[in-house]
Amino acid sequence: MTSVAIVTGASSGIGAATARRLAAEGFHVLAAARRAERLTDLVAEITAAGGQATAVTCDVTSDESVARLAEAAAQAPGPVTLLVNNAGGARGLDPVESGSVADWQWMYDVNVLGTLRVTQALLPALEASGSGTIVVVSSTAGLTVYEGGGGYTAAKHAQTAIAGTLRLELCGRPLRVIEIDPGMVKTDEFGLVRFEGDAERAAAVYAGVPGPLVAEDVADCIAWCATRPEHVNIDRLVVRPRAQAAQHKVHRV
Ligand SMILES: NC(=O)c1ccc[n+]([C@@H]2O[C@H](COP(=O)([O-])OP(=O)(O)OC[C@H]3O[C@@H](n4cnc5c(N)ncnc54)[C@H](OP(=O)(O)O)[C@@H]3O)[C@@H](O)[C@H]2O)c1
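The rules behind the values
- Residues numbered from 1 in each chain as written.
- Predicted model: local features only at pLDDT ≥ 70, side-chain atom pairs only at ≥ 80, totals over all residues.
- Heavy atoms only, no water.
- Phe/Tyr/Trp six-rings, centres within 6.5 Å; stacked < 30°, edge-to-face > 60°.
- Helix = DSSP H or I, 4+ residues; strand = E, 2+ residues; numbered from the N terminus.
- Lys NZ or Arg CZ within 6 Å of the ring centre and 35° of its normal.
- Pairing = 2+ DSSP bridges.
- Axes fitted to C-alpha atoms, helices over the stretch in contact; angles between N-to-C directions.
- Contact = heavy atoms within 4.5 Å.
- Buried < 20%, exposed > 50% of the residue type's maximum accessible area, 1.4 Å probe, protein only.
- Right-handed = clockwise from strand over helix to strand, strands pointing away.
- Core = buried A, V, L, I, M, F, W, Y, C linked by side-chain atoms within 4.5 Å.
- Near = heavy atom within 4 Å.
- Polar contact = N/O pair within 3.5 Å; in protein donor to acceptor, adjacent residues only side chain to side chain.
- Areas by Shrake-Rupley, 256 points an atom, 1.4 Å probe, with all protein chains shown as cover.
- Nonpolar A, V, L, I, M, F, W, Y, C, P; charged D, E, K, R; others polar.

Peer 1: Requested: an account of the packing of aromatic side chains, with residues and values cited.
Peer 2: Under the defined criterion, the tally for this structure stands at one aromatic pair. Taking the centre distance of 5.7 Å and the plane angle of 65° together, the rings of Y152 and F190 count as edge-to-face. With a gap of 38 residues between them, Y152 in helix α5 (residues 150-170) and F190 in helix α6 (residues 190-194) connect regions that are remote in the sequence. Of note, R91 hangs over the ring of W106, and the distance from its end group to the ring centre comes to 4.1 Å.

Laid out in structure tokens, this is it:
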């Protein structure tokens, strides 16, 4: 039977690339996000390429919406073996001194509580499959801090803490927990969301950087980790572009 993989935040960037890649690996992908039209297009694209996918409109900040995602998973045509908690993002680059409480709240709700809600809702199905994998897409911002990144680094540190805690709590059960920590990834929307649609500011982040990561690079890492033999747990995979030796050390030409 075809294994089912759920990818949150599948309507763009890393999530969409991961959905495409997992479908190519043979999973039936449940592609979840808020923008239904984009998901429909993605599913059509995957299907045209010979893969299997279903669009599920889902807001990870809503208990009811996440419950509907779990219902969709229960109807899916195979055991649910993989969950990729990817929905998330950043808002603002303000110092802690003047950061917006609303931005911080949004980042905590989507990145942290979104991961919590979806993981809680899907855990029974993942365990029932006999061999479940939970991927948490955190960030290098979950491992280190940088000026102006207070709200995002706080949220990503919390998401990283969920992955570590969950791995301890699930030890002995047929479930593994994988944390993926990308550095700079040039995706179409991450910067636009962070800077409220300011394309110039979003583009400046990647200006002159030779070879920032792209969404497909991260999807490749996720797919590799998730397709190791079931006894192999890649606890954490940190991936940056060669030009980014550290958060504060970026080579630009
Ligand atoms: N780009 C980077 O440099 C980078 C680096 C490290 C880690 N990351 C992490 O990687 C993940 C994906 O980032 P990306 O670069 O691919 O950004 P992106 O293109 O902005 O993707 C974010 C995705 O999250 C979804 N989303 C946002 N709010 C949601 C909600 N309430 N419910 C459900 N889905 C929601 C969005 O879909 P809808 O708007 O349709 O809901 C979108 O599909 C994020 O967790 C991000 O923090 C990114």
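Still to come is the rest of the account.
Peer 1: Give me the sheet that holds strand β3 (residues 52-57): which residues, what numbers.
Peer 2: Strand pairing in a sheet is mediated by backbone hydrogen bonds. Such pairs are either parallel or antiparallel. Strand order in the open sheet made by the seven strands is β3-β2-β1-β4-β5-β6-β7, with parallel pairing throughout. A strand with exactly one partner marks an edge of an open sheet, and here the two such strands are β3 and β7 (236-239). For this sheet, the mean angle separating the axes of adjacent strands, direction not counted, is 15°. As defined by bridge partners, strand β1 (residues 4-8) adjoins strand β4 (residues 80-85) across four bridges and the pair is classed as parallel. Bridged to A5 within β4 is L82. Relative to the sheet, helix α4 (residues 101-128) contacts β1, β4, β5 (132-137) and β6 (175-182), its axis offset from that of β4 by approximately 170°. Across the sheet, helix α8 (residues 215-226) touches β4, β5, β6 and β7, and the angle it forms with β6 is around 160°.

Peer 1: Quick rundown of the pairing of β5? Include the residues and the values.
Peer 2: The element β5 is largely enclosed, with a buried count of six among its six residues. Of the two faces of β5, the one holding G132, I134 and V136 and the one holding T133, V135 and V137 are both buried throughout. What joins β4 to β5 is α4, and the crossover it makes is right-handed. Judged from the six bridges that link them, β5 and β6 form a sheet pairing that is parallel. Across the sheet, I134 pairs through a bridge with V177, a residue of β6.

Peer 1: Account for the nonpolar core, naming residues and giving values.
Peer 2: When a protein is soluble and globular, its nonpolar side chains tend to lie buried together. Of all hydrophobic cores here, the largest spans 37 residues; its most connected members are L22, V29, L82, V84, V135, I180 and I222. Per-element tally for this core: the top contributor is α8, with eight residues. If you look at the next biggest cluster of nonpolar residues, it comprises 34 residues, including V4, L123, A141 and A158.

Peer 1: Please give an account of the site of the ligand that cites residues and values.
Peer 2: Taken together, 30 residues form the shell around the ligand, and within it S11, R34, R35, Y152 and T187 come nearest. With respect to the ligand, the side chain of T187 contributes an N or O atom lying 2.7 Å from an oxygen atom. Coverage of the ligand by the protein chains reaches 96% of its 870 Å² of free accessible surface. Going through the elements one at a time, α1 (13-24), α4 and α5 are the ones with two or more residues in the shell around the ligand. Of the residues belonging to the shell around the ligand, the class tally is 12 nonpolar, 13 polar and five charged.

Peer 1: Give a description of the environment of V232 that names residues and reports values.
Peer 2: With respect to the helices and strands, the residue V232 is situated in the loop between α8 and β7. Each C-alpha atom, one on V232 and one on R176, is 8.5 Å from the other, the two residues being 56 residues apart in sequence.

Peer 1: Outline the side chain of T8, supporting the account with residue identities and numerical values.
Peer 2: Topologically, T8 is positioned in strand β1. In this structure the side chain of T8 is engaged in a polar contact, spanning 2.9 Å, whose partner is the backbone nitrogen of N86. Beyond its immediate sequence surroundings of up to four residues, T8 is in contact with G15, A32, V60, V84, N85, N86, A87 and V118.

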